[in-house]
Amino acid sequence: MELDKGADQPSPIEFRLDPASGVPTYLQLVQQVEQALRMGWLAEGDRLPRVREVVAGLAINPNTVLKAYRELEHRGLAVGRRGQGTFVRGLPAGVVPLRERAALRRGLLDWMCSARVAGLDEGGMVAVFEDALRDLREGRDGVVA
């Protein structure tokens, strides 16, 4: 695995914070990296923003960024290289190839259009989705093996 392909290049991700979310700052950074990996915006070997870049861009404490990067390392998603930065090391579980993800997204958009035609607003769609997701988690997915 080539981990320093982006050592001299800017990171492909830029962090943003939502102070009203109630989610700790370091976890927001972790979640954004995981989301970027799931969406294919980040790949193995990509460099994450340097701590000083994140601190300057978001006006947060360097220890917060370090905590996020340590958490990513703990999850096996990143590796720090002294003097070079922190790099994507792996992908979270459940990442599917881009072609499959695009097909799934199209199917979901079709469902959302049908739901809108049926009269559901965004909140109603979220409620139906979360209910179905809960059924799936609990083994009540209706699929006969």
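Structure shown above.
A few words on the overall build of the protein. On a plain count of helices and strands, the protein comes out with five helices and two strands. The helix and strand sequence of the protein, counted from the amino end, reads α-α-α-β-β-α-α. Relative to the globule expectation of 15 Å for 145 residues, the C-alpha radius of gyration of the protein, 19 Å, shows a markedly less compact shape. Across the 145 residues that make up the protein, the buried fraction comes to 28%. When the accessible surface of the protein is summed, it comes to about 9900 Å², and 53% of that surface belongs to carbon and sulfur atoms.

Bringing helix 5 (residues 122–137) into the picture now. A rise of 1.5 Å per residue sets the reference length of helix 5, with its 16 residues, at 22 Å; its end C-alpha atoms lie 22 Å apart and thus fit the reference within 8%. Put simply, Asp-121 is the residue that caps the front of helix 5, since its side-chain oxygen is 3.3 Å from the backbone nitrogen of Gly-123. Gly-139 sits one or two positions beyond helix 5 and adopts a positive phi of about 80°.

With that out of the way, let us pick up unusual backbone geometry. Phi angles above zero are rare outside glycine, and Ala-59 is one such case at about 55°. As for its position among the elements, Ala-59 is in the loop between helix 2 (51–58) and helix 3 (62–74). You can call Ala-59 exposed: its relative accessible area is 68%.

Turning to the pairing of strand 2 (residues 85–88), a few remarks are in order. Direction of pairing for strand 1 (residues 78–81) relative to strand 2: antiparallel, over a ladder of four bridges. Each bridged residue has a counterpart across the sheet, and for Val-79 the counterpart in strand 2 is Phe-87. From the end of strand 1 to the start of strand 2, which pair antiparallel, there are three residues, and Gly-83 there has a positive phi angle of about 80°.

Let us now look at the packing of helix 1 (residues 25–39) against helix 3. For the pair helix 1 and helix 3, interaxial distance at closest approach is 8 Å and the crossing angle is 45°. Comparing the axis directions of helix 1 and helix 3 gives the class oblique. Here the hand of the crossing between helix 1 and helix 3 comes out right-handed. Facing Thr-25, Tyr-26, Leu-29, Val-30 and Val-33 of helix 1, the residues of helix 3 in contact are Thr-64, Val-65, Lys-67, Ala-68, Glu-71 and Leu-72. The residue inventory of the contact of helix 1 with helix 3, partitioned by class, reads seven nonpolar, two polar and two charged.

Here the focus is the nonpolar core. Counting 18 residues, the largest nonpolar core has Val-33, Leu-42, Leu-48, Tyr-69 and Leu-72 as the members making the most contacts within it. Ranked by residue count, the leading element in this core is helix 1, at five residues. Once you skip the residues sitting within four places of it in the chain, Tyr-69 turns out to touch Phe-15, Leu-48, Pro-49, Val-51, Val-54 and Thr-86.

We now examine the pattern of salt bridges. Counted according to the given criterion, the structure contains seven salt bridges. The partner of Glu-14 in a salt bridge is Arg-16, and the shortest N-O contact between them spans 3.3 Å. Grouping residues by exposure puts Glu-14 and Arg-16 together as exposed. Sharing partners across several salt bridges, the network here consists of Glu-34, Glu-71 and Arg-75.

So, how was this worked out
Residues numbered from 1 in each chain as written. Predicted model: local features only at pLDDT ≥ 70, side-chain atom pairs only at ≥ 80, totals over all residues. Heavy atoms only, no water. Helix = DSSP H or I, 4+ residues; strand = E, 2+ residues; numbered from the N terminus. Rg over C-alpha atoms; globule rule 2.2 N^0.38 Å. Buried < 20%, exposed > 50% of the residue type's maximum accessible area, 1.4 Å probe, protein only. Areas by Shrake-Rupley, 256 points an atom, 1.4 Å probe, with all protein chains shown as cover. Expected span 1.5 Å × (residues − 1). Polar contact = N/O pair within 3.5 Å; in protein donor to acceptor, adjacent residues only side chain to side chain. Pairing = 2+ DSSP bridges. Axes fitted to C-alpha atoms, helices over the stretch in contact; angles between N-to-C directions. Parallel < 35°, antiparallel > 145°, perpendicular 65-115°, else oblique. Left-handed = near helix turned anticlockwise from the far one by under 90°. Contact = heavy atoms within 4.5 Å. Nonpolar A, V, L, I, M, F, W, Y, C, P; charged D, E, K, R; others polar. Core = buried A, V, L, I, M, F, W, Y, C linked by side-chain atoms within 4.5 Å. Salt bridge = Lys/Arg side-chain N within 4 Å of Asp/Glu carboxyl O.

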